[in-house]
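Residues per chain, in single letters:
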Amino acid sequence: MMRVLYFAWLREKIGVAEEDVAPPPEVTSVAALIDWLRARGPGYAAAFAQQKLVRCAVDQEFAAPDMAIAGAAEIAFFPPVTGG
Amino acid sequence: MLRIAVQEADFDAGAELVRLNLPGVGGVGSFIGVVRDSGGIKALHLEHYPSMTEKAVKRIAEQAAARWPLLGCTVIHRVGRLVPGENIVFVGASSAHRDAALQASAFLIDWLKTSAPFWKREEFVSGASAWVAAREADDTAAKNWE
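Residues numbered from 1 in each chain as written. Chains lettered and ligands numbered in written order. Predicted model: local features only at pLDDT ≥ 70, side-chain atom pairs only at ≥ 80, totals over all residues.

(A) Representation of the overall build of chain A in the model. Of the regular secondary structure elements, chain A holds three helices and five strands. When the helices and strands of chain A are placed in sequence order, the string is β-α-β-α-α-β-β-β. Its C-alpha atoms give chain A a radius of gyration of 12 Å, near enough to 12 Å, the size a compact globule of 84 residues would have. Overall, the C-alpha framework of chain A stretches about 35 × 30 × 20 Å when taken along its three principal axes. For chain A, the proportion of contacts with a sequence separation of at least 24, taken over those separated by at least 6, is 53%. (Helix = DSSP H or I, 4+ residues; strand = E, 2+ residues; numbered from the N terminus. Rg over C-alpha atoms; globule rule 2.2 N^0.38 Å. Contact = placed C-beta atoms within 7 Å.)

Below, the structure is given as structure tokens:
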């Protein structure tokens with residue numbers, strides 16, 4: 001079980017800001033989690049349609065797609081940042 | 001020496017500059033980002049990732065402090081709804097000499113734009129709204145410090 005957070009237009013497309021999910025054991029990386037989430041519904045498919053526009057943080061640290069997610073408590077997905 | 005704040009409230013840039021004028025300082029550098037009044041923009045909405053933001057901003061400030069001999073370093077980033085002309089962000093750095101203060105200030109704002117979890121949404125006079133897309137030029141500016 002892990003908490004997944006969505007920000008900006010990913011949140012709008014998916015329709016929730018956060019949720020608890022329990023992916024199967026073969027989902028071991030950020031990229032695999034994206035593939036698994038994408039199958040949850042059309043909102044998810046739309047949010048993750050352009051993977052190069054999606055960034056991730058695992059336990060509040062920026063994470064590359066190949067980052068392992070074993071033991072992670074909080075995973076966030078968001079667009080490239082635009083602050084400053 | 002490091003001062004980090006993420007807040008809805010405005011900041012007093014003058015007071016922040018005074019705060020950076022610490023013993024031994026020979027120069028204070030700073031940058032203030034404001035909401036630009038262009039393209040029919042009614043307001044800018046700043047969203048962030050609360051549990052990650054301060055940590056990410058602190059890391060950027062620590063990198064600046066490791067790279068230049070800073071005596072003071074301040075980053076204040078506002079969130080929420082901001083109208084044209086309002087302040088968005090303050091970065092400031094003070095040091096014995098101007099080069100470190102100016103370069104650290106530029107580094108801070110370049111890295112904030114690409115490495116801290118903030119997102120801007122534009123609210124237009126027409127009632128429409130759109131998320132701001134990341135700019136390649138910002139990535140290039142940040143990479144130039146590597």
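(B) Local environment of the interface of chain A and chain B. Contacts between the two partners involve 13 residues from chain A and, on the opposite side, 20 residues from chain B. Of all the secondary-structure elements, those providing two or more residues to the side of chain A that touches chain B are α1 (8–14) and β5 (74–78) of chain A. Looking at the side of chain A that touches chain B residue by residue, the classes come out as nine nonpolar, four polar and no charged. (Nonpolar A, V, L, I, M, F, W, Y, C, P; charged D, E, K, R; others polar.)

(C) A look at the pairing of strand β1 (residues 2–6) of chain A. Residue and element names in this part refer to chain A. The pairing of β1 with strand β2 (residues 18–21) spans four bridges and is antiparallel. Bridging from a neighbouring strand, Met2 pairs with Val21 of β2. As paired strands, β1 and β5 are joined by four bridges and run parallel to one another. Note on β5: the bridge partner recorded for Val4 is Ile75. (Pairing = 2+ DSSP bridges.)

(D) Quick look at the packing of helix α2 (residues 50–67) of chain B against helix α3 (residues 98–115) of chain B. Residues and elements named next belong to chain B. The N-to-C vectors of α2 and α3 enclose an angle of 150°; their axes lie 10 Å apart at closest approach. Accordingly, the angle class assigned to the pair α2 and α3 is roughly antiparallel. In this structure, α2 meets α3 at a crossing whose hand is right-handed. In this structure, α2 uses Ala56, Ile60, Ala61 and Ala64 to contact α3, whose residues at the interface are Ala104, Phe107, Leu108, Trp111, Leu112 and Ser115. Taken together, the residues of the contact of α2 with α3 break down into nine nonpolar, one polar and no charged. (Axes fitted to C-alpha atoms, helices over the stretch in contact; angles between N-to-C directions. Parallel < 35°, antiparallel > 145°, perpendicular 65-115°, else oblique. Left-handed = near helix turned anticlockwise from the far one by under 90°.)

(E) Structural view of the sheet that holds strand β7 (residues 118–124) of chain B. Residue and element names in this part refer to chain B. Strand order in the open sheet formed by four strands is β5-β3-β7-β8, with antiparallel pairing between adjacent strands. Edge strands, defined here as strands with exactly one partner in the open sheet, are β5 (80–82) and β8 (129–131). Each strand axis lies, on average, 25° off the axis of its neighbour in the sheet, ignoring direction. Two strands pair when backbone bridges link them, and strand β3 (residues 41–48) and β5 are joined in this way by three bridges, in the antiparallel orientation. What sits directly across from His45, in β5, is Arg81.

(F) Region of the structure containing the nonpolar core. In this structure, A:Phe7, B:Ile60, B:Ala64, B:Ala104, B:Leu108 and B:Leu112 are the most contacted members of the largest nonpolar core, which totals 54 residues. Here B:Ile60 is in contact with B:Leu108, B:Trp111, B:Leu112, B:Ser115 and B:Ala116, once residues within four sequence places are set aside. (Core = buried A, V, L, I, M, F, W, Y, C linked by C-beta atoms within 7 Å. Buried ≥ 20, exposed ≤ 12 C-beta atoms within 10 Å, placed from the backbone.)

(G) Quick look at the sheet that holds strand β4 (residues 61–63) of chain A. Residue and element names in this part refer to chain A. Taken in spatial order, the five strands make up an open sheet running β2-β1-β5-β3-β4, and their pairing is mixed. Each having just a single partner strand, β2 and β4 make up the two edges of the open sheet. Along the sheet, successive strands turn relative to each other by an average axial angle of 30°, direction set aside.

(H) Broad picture of the environment of B:Val6. All names here are of chain B. Following the sequence through the fold, Val6 ends up in strand β1 (residues 2–7). We classify Val6 as partly exposed; it has 19 C-beta atoms within 10 Å. For the pair Val6 and Val79, spaced 73 residues apart in sequence, the C-alpha to C-alpha distance is 7.0 Å. Once residues lying within four places of it in the same chain are set aside, the contact partners of Val6 are His48, Thr53, Glu54, Val57, His77 and Val79.

(I) Layout of the packing of α3(B) against helix α4 (residues 136–143) of chain B. Residue and element names in this part refer to chain B. Put simply, α3 and α4 touch, their axes get as near as 8 Å, and they point 130° apart. Here α4 runs oblique to α3, going by the angle between their axes. Between α3 and α4 lies a crossing whose hand is left-handed. On α4, the residues touching Asp110, Trp111, Lys113, Thr114 and Ser115 of α3 are Asp138, Asp139, Ala141 and Ala142. Of the residues assigned to the contact of α3 with α4, the class counts are three nonpolar, two polar and four charged.

By themselves, these figures tell us nothing about what the structure is for.
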